[in-house]
Structure formats: structure tokens, C-alpha cells
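Topology and contacts: notes
What follows is each chain in one-letter form.
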Amino acid sequence: MTADCRFLGLTEIPKDLPVDVTELDVGYNDITTLYNDSFTGFPALTTLQASFNYMVHIEVAAFYTMPDLQELVLNHNALQDLADNLFLYMSIAQFMLKGNKIKVLQDQVFMYLNNTLLLSGNVLDDMHSETFSNMTALTKLALDDCDITYLHPDIFSNLTSLQYLFLHDNKIKKLDPHHFINLISVIEIL
């Protein structure tokens with residue numbers, strides 16, 4: 001079951017949705033925070049679309065009640081950071097965070113994500129060497145247009161399933177062949 005709640009002027013996730021809702025779109029609203037109890041009544045959610053809100057904060061346990069979440073789309077909000085355990089024990093297949101204001105990615109913040117991670121259009125000042133270390137199933141990573149100036153030589157070392165890597169429109173001064181040495185499945189780097 002799909003719930004289309006776009007363009008309703010919402011300031012929080014509605015609580016009066018059917019318990020069996022699997023896809024929720026709350027895009028183009030005025031939501032600023034996802035709280036720990038925002039999704040407690042919707043354990044069957046597999047897709048959450050919350051783009052084009054004014055989101056600045058996500059509480060650390062906001063997604064814990066959605067064990068089957070596969071697609072999380074938070075594009076074009078105002079998120080600046082992500083809590084270390086925000087995605088703990090979640091195996092999200094597609095996570096899209098394009099066009100936010102994220103500056104720092106903590107080590108292993110995305111450790112349980114699979115398949116696709118899109119971070120295009122953020123302002124990534126700092127990515128640690130362990131940021132993507134446990135994402136061995138990741139096939140697509142977009143870091144384009146993020147103002148990146150430096151990449152740690154080992155940042156992609158465990159991404160053995162990665163097929164597509166987008167790095168264009170950054171300010172990287174030097175790339176070493178060591179950056180890509182373990183990318184054995186790569187089809188395209190842009």
C-alpha cells in the first residue's frame with residue numbers, strides 16, 4: 001500500500017496512516033526533524049521518500065522500527081551530519097542523500113547499506129579512511145559535486161563489488177592508482 005503525502009504542508013510524519021503502508025512519500029513538505037517515534041506505527045515500510053523538506057536533524061533511532069526498509073530517499077534537505085548509529089542493523093539497498101549540506105561522514109556510518117549510495121551535491125570536507133569500509137556489497141557510489149579536495153588512499157579499498165563510482169565536479173588535486181586498486185568489479189569511474 002502506498003501513501004502519497006506530498007505537498008500537504010506537513011511538519012511531521014502523519015500518525016493516521018494505515019499500519020500496512022509499505023511506501024510513504026512525504027516529499028515537498030515542511031518536515032525539519034525525523035523523531036525516534038516518527039515511524040513506530042509503520043513496521044511494513046519498505047520505501048520512504050522525504051525529499052524537498054527542510055530536514056535538519058534525524059534522531060538516532062528514527063529508522064529502528066522499519067526493519068524491511070529498502071529504499072530511503074532524503075534528497076534536497078538541509079542535513080549537515082548523520083549520527084554514527086543511524087542505520088544500525090539496517091540493510092537498505094538504495095540510499096539517496098543528494099543535495100544536502102553534509103560536511104563530515106563518520107567511520108562506518110553506512111556500514112549496513114547495500115547496492116546504492118548517492119551523496120552528490122553535498123559539501124564533504126572530511127571522509128575518514130573507514131567511511132565505506134564495510135560496504136562490500138555496494139555497487140554504485142556517487143560523490144560527485146561534493147567539494148572534495150582529498151581522498152584517503154584506502155577509502156575505496158573494501159568496495160570490491162563497486163561497479164559505478166562518480167567523482168566528477170570535485171576539487172581533488174591528486175588521485176593515486178592505489179585509490180582504485182581493489183575495485184575489481186568497476187565498469188565506470190566518472
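From a predicted model like this one, the values you see are computed outputs, not experimental measurements.

1. Digging into unusual backbone geometry
Glycine aside, residues mostly have negative phi angles, and peptide bonds mostly take the trans form. Even without being glycine, F52 reaches a positive phi, approximately 55 degrees. In this fold, F52 is placed in the loop between strand 4 (47-49) and strand 5 (57-58). Owing to a relative accessible area of 36%, F52 belongs among the partly exposed residues under this scheme. In this structure, D169 is a non-glycine residue whose phi angle is positive, near 60 degrees. Within the element layout of this structure, D169 appears in the loop between strand 12 (164-166) and strand 13 (188-189).

2. Details of the pattern of salt bridges
Applying the stated criterion to the full structure yields 3 salt bridges. Note that D4 and R6 form a salt bridge whose closest N and O atoms lie 2.7 Å from each other. Under the relative-accessibility criterion, R6 is labelled partly exposed at 35%. A salt bridge links K171 to D147; its shortest N-O distance comes to 3.7 Å. With K171 in the loop between strand 12 and strand 13 and D147 in the loop between strand 11 (138-142) and strand 12, this pair connects stretches of sequence that are 24 residues apart. It is possible to trace a salt-bridge network through shared partners that takes in D4, R6 and D25.

3. Some details on the side chain of S133
Positionally, S133 belongs in the loop between strand 10 (126-127) and strand 11. A polar contact is formed between the side chain of S133 and the backbone oxygen of E130, at a distance of 3.1 Å. When near neighbours in sequence (up to four residues on either side) are disregarded, S133 contacts Q108 and N158.

4. Some details on a negative patch on the surface
On the surface, D84, D107, E130 and D154 cluster together into a negatively charged patch. Considering the arrangement of structural elements, one finds D154 in the loop between strand 11 and strand 12. Take D154: its relative accessible area is 33%, and that puts it in the partly exposed class.

Rules behind the numbers
Residues numbered from 1 in each chain as written. Predicted model: local features only at pLDDT ≥ 70, side-chain atom pairs only at ≥ 80, totals over all residues. Heavy atoms only, no water. Helix = DSSP H or I, 4+ residues; strand = E, 2+ residues; numbered from the N terminus. Buried < 20%, exposed > 50% of the residue type's maximum accessible area, 1.4 Å probe, protein only. Salt bridge = Lys/Arg side-chain N within 4 Å of Asp/Glu carboxyl O. Polar contact = N/O pair within 3.5 Å; in protein donor to acceptor, adjacent residues only side chain to side chain. Contact = heavy atoms within 4.5 Å. Patch = residues over 30% accessible without salt bridge, like charges linked within 9 Å, V, L, I, M, F, W, Y side chains within 5 Å. Areas by Shrake-Rupley, 256 points an atom, 1.4 Å probe, with all protein chains shown as cover. Lys, Arg positive; Asp, Glu negative; His and termini not counted. Charge placed at Lys NZ, Arg CZ, Asp CG, Glu CD.

This is a description of form; function is not addressed.
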